[in-house]
Amino acid sequence: MRFSGFRVLAEALTGHTGWRPLWRNPDPQPAYDYIIVGGGGHGLAAAYYLAKTFGKARIAVLEKGWLGSGNIGRNTTIIRSNYLLPGNQPFYEFSMKLWENLEQEFNFNAMVSQRGILNLIHSDGQRDAFRRRGNAILLSGADAELLNADQVRDMAPFLNFDNARFPIKGGLLQRRAGTARHDGVAWGYARGADLAGVDLIQNCEVTGFRIEGGAVRGVETSRGYIAAGKVGVAVAGSSSRVMQMAGMRLPIESHVLQAFVSEGLKPTIPGVITFGAGHFYVSQSDKGGLVFGGDLDGYNSYAQRGNLPTIEDVAEGGMALMPMIGRARLLRAWGGIMDMSMDGSPIIDKTPIDGLFLNAGWCYGGFKATPASGYAFAHLLATGTPHDTARGYRLDRFATGHVIDEKGVGATPNLH
Amino acid sequence: MLIPHPLLGLRDAQEFTYLGDASLIARPDGMAEGAEAAFAEYVYQRDNPAGLHRELWFHEQGDRSWLVVTRDTTTHEIIGAELARDVSLARREAGA
């Protein structure tokens, strides 16, 4: 079933009786060549590229709950490629290029909207840092523009430019950045993978790994044992719990990050605006809700909910940046569990166990990485070598000193 | 969250800053054989359990003591708190 304007029209004229479920709901086979643990954005994308781009067969995605029930369904939907470090920026720019062609690629409306991201500048020092970052972005082939205060005022006149502590002096703008419909991304990849022959197996919790002679043979699940040639784990948020079943400890702490959405408003915010000094960021969904967030709660958590002090802190950040937000009513607040890695950068690598691969440590930047993460993970699973743009994301980089610490705060997961 | 400070009673968690797993008390000997590997493990690797977690909180806006708080990471329920000094001394007495 291909989606098209013609198809929508035809269904509209025939009472919408022709729509079918987007994917099958198969029972697990006794054995697969590739098993992806985790039916979230990254796992589904990995299965999709493994089947479509690398032409592999006999692939299964095992999901404990329903597809897209983790952080792909709980994030603030921002896509961008405005990183500084050479270990990161080419990867995120690769992801941005995949985003730009994603809907044509998998024939599904992911509502990718390149409405731009604006990082605000409040001091001369911050302008210097952003100028450097902007130059690094340009060198990687992506786009960045340094704006002065008047240019920011033209874009977003509602901001508080004369805040006594953090007056707005300008901004770093990336026009190709934007937002996407987070669930649509998961569904599009799921549908594309299913069409390419991948078995998407829901309500199937992995309860253990069968490891013999230092190599993985398969996984124990709530629906029985499933043999596998290679197993890729993409369960950010729960990576430590799952990899513990393989006897591994990870350089990761799980933390809760809260996000918020207001009631629906008329178009107000032109793109994504970030207030790094106070740590607050905001965009507007196509439904009209202001989607915003801020810092982690700051302590280890698997609870998928945070506490009130952080909500207050985020609200204060919002009021400091754009006082008009005080007139909007908060509709919902929720929390997601982040794999906070020790340097703030992810891990896409093989493990010391043959045939077992890990995709983890996305901190709170995993959504924008979904296409590239899936592609790079599929590349690693299919070829045994890392994708060019993901070479730095080694599991052993902490021991060897090759950390990729974008923020420069060291082994403090709750500060990245 | 309220933390039952052993000396001050219930205190708001907002008065504290959070460091992480209480195993950080057991700093390896930098002069020992294999110290490099031991430090890589100490600095970067975590158990990160879902459930009871012993962790270091610093009473920064209070009496500036370090506490070892036992907390359930799946519910945020705080089970108890001890002075990190006591934990460390007990550890030394046990010869660990």
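Residues numbered from 1 in each chain as written. Chains lettered and ligands numbered in written order. Predicted model: local features only at pLDDT ≥ 70, side-chain atom pairs only at ≥ 80, totals over all residues. Heavy atoms only, no water.

Under an unreviewed UniProt entry, the name given to chain B is Sarcosine oxidase subunit delta, and the organism recorded is Aliishimia ponticola.

As named in an unreviewed UniProt entry, chain A is Sarcosine oxidase subunit beta, taken from Aliishimia ponticola. Regarding chain A, the UniProt comment filed under Subcellular location (unreviewed entry) reads as follows: "Cytoplasm". (UniProt positions renumbered as here; feature names shortened; annotations may be inferred.)

Novice: Lay out the sheet that holds strand S16 (residues 330-341) of chain A with the relevant residues and their values.
Specialist: Residues and elements named next belong to chain A. The mixed open sheet is built from eight strands, whose spatial order is S5-S6-S4-S13-S14-S15-S12-S16. Each edge of the open sheet is held by one strand with a lone partner, namely strand S5 (145-148) and S16. Sheet twist, expressed as the average angle between the axes of neighbouring strands with direction ignored, equals 25 degrees. Relative to strand S13 (residues 272-275), strand S4 (residues 117-121) runs parallel, the two being bridged by three bridges. The residue bridging Asn 119 from the neighbouring strand is Thr 274, located in S13. Its contacts with the sheet put helix H5 (residues 124-139) on S4, S5 and strand S6 (170-174), and the angle it makes with S4 is roughly 150 degrees. Sheet strands in contact with helix H9 (residues 308-321) are S4, strand S12 (252-264), S13, strand S14 (280-284) and strand S15 (289-300), and its direction is about 135 degrees off that of S15. (Pairing = 2+ DSSP bridges. Helix = DSSP H or I, 4+ residues; strand = E, 2+ residues; numbered from the N terminus. Axes fitted to C-alpha atoms, helices over the stretch in contact; angles between N-to-C directions. Contact = heavy atoms within 4.5 Å.)

Novice: Can you lay out the interface of chain B and chain A for me, pointing to particular residues and giving the numbers?
Specialist: The interface is formed by 22 residues belonging to chain B together with 24 residues belonging to chain A. Carbon and sulfur atoms make up 48% of the surface buried where chain B meets chain A, a total of about 2,000 Å² over both sides. In this structure, the connection of chain B to chain A is made through three salt bridges. The partner of Arg 249 of chain A in a salt bridge is Asp 47 of chain B, and the shortest N-O contact between them spans 2.7 Å. Here the side of chain B that touches chain A gets four residues from one element, more than from any other, and that element is helix H1 (residues 35-44) of chain B. Taken together, the residues of the side of chain B that touches chain A break down into eight nonpolar, nine polar and five charged. (Buried area = accessible area lost by both parts, 1.4 Å probe. Salt bridge = Lys/Arg side-chain N within 4 Å of Asp/Glu carboxyl O. Nonpolar A, V, L, I, M, F, W, Y, C, P; charged D, E, K, R; others polar.)

Novice: Residue-level account of the pattern of salt bridges, with values.
Specialist: All names here are of chain A. Tallied over the entire structure, the rule returns 27 salt bridges over all chains. Glu 212 serves as the salt-bridge partner of Arg 217, at 3.7 Å between the closest nitrogen and oxygen. Classification of Arg 217 as partly exposed rests on a relative accessible area of 40%. Exposure remark for Glu 212: the relative accessible area of 41% places this residue in the partly exposed category. Through salt bridges that share partners, Glu 93, Lys 97, Glu 100, Asp 143 and Arg 176 make up one connected network. (Buried < 20%, exposed > 50% of the residue type's maximum accessible area, 1.4 Å probe, protein only.)

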